[in-house]
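# Inside the fold
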Amino acid sequence: MAGVVPRRGARALPVSARYDLPEADDFTRPYWDAAAEGRLLVRRCAACGRAHHYPREFCPFCWAGEEQVAWEAASGAATLYTWSVVHRNDLPPFGCRVPYTAAVVDLAEGPRMMTEVVDCEAADLAVGMPLAVTFREAEAGVAVAVFRPAAR
């Protein structure tokens with residue numbers, strides 16, 4: 001099976017496929033445009049005041065509609081909630097990055113975010129450690145938020 005990545009299950013994946021690129025649409029375009037400029041955005045509800053991430057058109061806490069929820073700049077500060085070091089991933093291009101640290105962080109604004117921790121050895125990670133956002137260019141004009149240990 002030349003040209004495919006073998007997987008358990010019913011289907012094989014084309015080698016040319018990339019699984020690290022976002023599928024931006026009209027709603028998420030502000031988020032991805034800001035990331036390309038090195039800025040992290042969250043959504044905040046005017047009705048209940050809570051911020052959320054991943055971006056949604058409504059508030060997942062009080063169900064206020066899109067007229068009550070707006071984009072806001074996040075500080076980029078976070079703390080490490082949990083992590084796992086990935087040693088094997090067959091999906092392109094992750095296989096070239098192993099090992100990497102998949103993580104969940106608590107943003108200073110309140111939401112929890114799935115991400116990756118970079119520039120830190122796994123042995124140096126600790127729950128609650130302060131992190132700061134940085135951005136990895138996935139391809140020209142497309143950046144993804146990742147986190148590194150905050151300067152102390």
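All values reported here derive from a predicted model rather than from experimental measurement. (Residues numbered from 1 in each chain as written. Predicted model: local features only at pLDDT ≥ 70, side-chain atom pairs only at ≥ 80, totals over all residues. Heavy atoms only, no water.)

We now examine the side chain of T101. Along the chain, T101 turns up in strand β7 (residues 100-107). Relative accessible area serves as the criterion here: at 6%, T101 is assigned to the buried category. Residues within four places of T101 in sequence aside, it is in contact with W83, S84, V85, T115, E116, V117 and L125. (Helix = DSSP H or I, 4+ residues; strand = E, 2+ residues; numbered from the N terminus. Buried < 20%, exposed > 50% of the residue type's maximum accessible area, 1.4 Å probe, protein only. Contact = heavy atoms within 4.5 Å.)

Let us now look at the layout of surface pockets. Quantified by volume, the largest pocket comes out at close to 870 Å³. Around the largest pocket, the lining comprises 28 residues; the ones closest to its centre are W32, M114, T115, V144 and A145. Mapped onto the lining of the largest pocket, the elements with two or more residues apiece are α1 (29-36), β7, β8 (112-117), β9 (130-139) and β10 (142-149). Grouping the constituent residues of the lining of the largest pocket by class yields 18 nonpolar, four polar and six charged. (1 Å grid on protein atoms, 1.4 Å probe; cavity = no way out; pocket = protein on both sides within 12 Å on 5 of 7 lines; lining within 4 Å. Points joined across faces, edges and corners; volume = space filled by probe spheres on them. Nonpolar A, V, L, I, M, F, W, Y, C, P; charged D, E, K, R; others polar.)

Here we take up the sheet that holds strand β4 (residues 51-52). Whether parallel or antiparallel, the strands of a sheet pair through hydrogen bonds between backbone atoms. With antiparallel pairing, the three strands of this open sheet are ordered in space as β4-β3-β5. Looking at the sheet topology across the chains shown, the edges are occupied by β4 and β5 (69-73). In the sheet, strand β3 (residues 41-45) pairs with β4 via two bridges, with the strands oriented antiparallel. Opposite R44, over in β4, you have A51 as the bridge partner. (Pairing = 2+ DSSP bridges.)

By themselves, these are just geometric observations and shouldn't be taken as functional.
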